[in-house]
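Close look at the chain arrangement
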Amino acid sequence: MLINVGAEFGTHLESSELAVELIDILNKLPEDSFIIDFKDVNVVTMNYAQAYYTSKLDSPKNISEINISDEISVVMGAADEACNP
């Protein structure tokens with residue numbers, strides 16, 4: 001299932017609570033696999049990214065990402081490395 005996170009949660013992803021909420025919603029859905037589309041997202045903070053990857057690691061779902069801009073990729077990559085040493 002494809003989820004456009006920008007359309008659903010906004011183009012500025014700043015709060016760790018928002019990241020946890022996203023993964024909680026996915027965990028409640030019956031599908032096993034999700035693709036998170038960051039196409040419309042302009043800003044991702046380190047707080048959001050770390051909470052996203054921490055929650056993603058704890059999730060039984062298969063979650064992947066697409067359309068991450070170069071700027072956001074830097075933040076997401078650093079958070080992913082911090083959560084997945």
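So, here's what we can say about the structure. (Residues numbered from 1 in each chain as written. Predicted model: local features only at pLDDT ≥ 70, side-chain atom pairs only at ≥ 80, totals over all residues. Heavy atoms only, no water.)

**Some remarks on the packing of aromatic side chains**
Scanning the model with the defined rule gives three aromatic pairs in all. Ring geometry for Tyr 52 versus Tyr 53: centroids 5.2 Å apart, planes at 85°, classification edge-to-face. On the basis of relative accessibility, which here comes to 0%, the residue Tyr 52 falls in the buried class. Judged by relative accessible area, which is 6%, Tyr 53 ranks as buried. Site record: aromatic cluster; members linked through ring pairs are Phe 38, Tyr 48, Tyr 52 and Tyr 53. (Phe/Tyr/Trp six-rings, centres within 6.5 Å; stacked < 30°, edge-to-face > 60°. Buried < 20%, exposed > 50% of the residue type's maximum accessible area, 1.4 Å probe, protein only.)

**Description of helix α3 (residues 46-58)**
Between its first and last C-alpha atoms α3 spans 18 Å; for 13 residues at 1.5 Å apiece the expected length is 18 Å, and the two agree. Burial in α3 covers these residues: Tyr 48, Ala 49, Ala 51, Tyr 52, Tyr 53, Ser 55 and Lys 56. (Helix = DSSP H or I, 4+ residues; strand = E, 2+ residues; numbered from the N terminus. Expected span 1.5 Å × (residues − 1).)

**Thoughts on the environment of Ile 66**
Within the secondary structure, Ile 66 is located in strand β5 (residues 62-66). Residues Ile 66 and Phe 38, 28 residues apart in the sequence, show an inter-C-alpha distance of 6.2 Å. Ignoring any residue separated from it by four or fewer positions in sequence, one finds Ile 66 in contact with Leu 2, Ile 35, Ile 36, Asp 37 and Phe 38. (Contact = heavy atoms within 4.5 Å.)

**As for the sheet that holds β5**
Within the open sheet, the three strands sit side by side as β1-β3-β5. Their pairing is parallel. Taken across any chain shown, the strands that pair with only one partner, and hence form the sheet edges, are β1 (2-4) and β5. For this sheet, the mean angle separating the axes of adjacent strands, direction not counted, is 25°. In terms of strand pairing, β1 meets strand β3 (residues 33-37) through three bridges, oriented parallel. Of the residues in β3, the one forming a bridge with Leu 2 is Ile 35. Where α3 meets the sheet, its contacts fall on β3 and β5, and the angle it forms with β5 comes to roughly 145°. (Pairing = 2+ DSSP bridges. Axes fitted to C-alpha atoms, helices over the stretch in contact; angles between N-to-C directions.)

**Some thoughts on the side chain of Lys 61**
Positionally, Lys 61 belongs in the loop between α3 and β5. Look at Lys 61: it is buried, it has no salt bridge, and the nearest opposite charge is Asp 32 at 4.3 Å. A polar atom in the side chain of Lys 61 sits 2.6 Å from the backbone oxygen of Leu 29. Setting aside residues no more than four positions away along its own chain, Lys 61 makes contact with Leu 26, Asn 27, Leu 29, Pro 30, Glu 31, Asp 32 and Phe 34. (Lys, Arg positive; Asp, Glu negative; His and termini not counted. Salt bridge = Lys/Arg side-chain N within 4 Å of Asp/Glu carboxyl O. Polar contact = N/O pair within 3.5 Å; in protein donor to acceptor, adjacent residues only side chain to side chain.)

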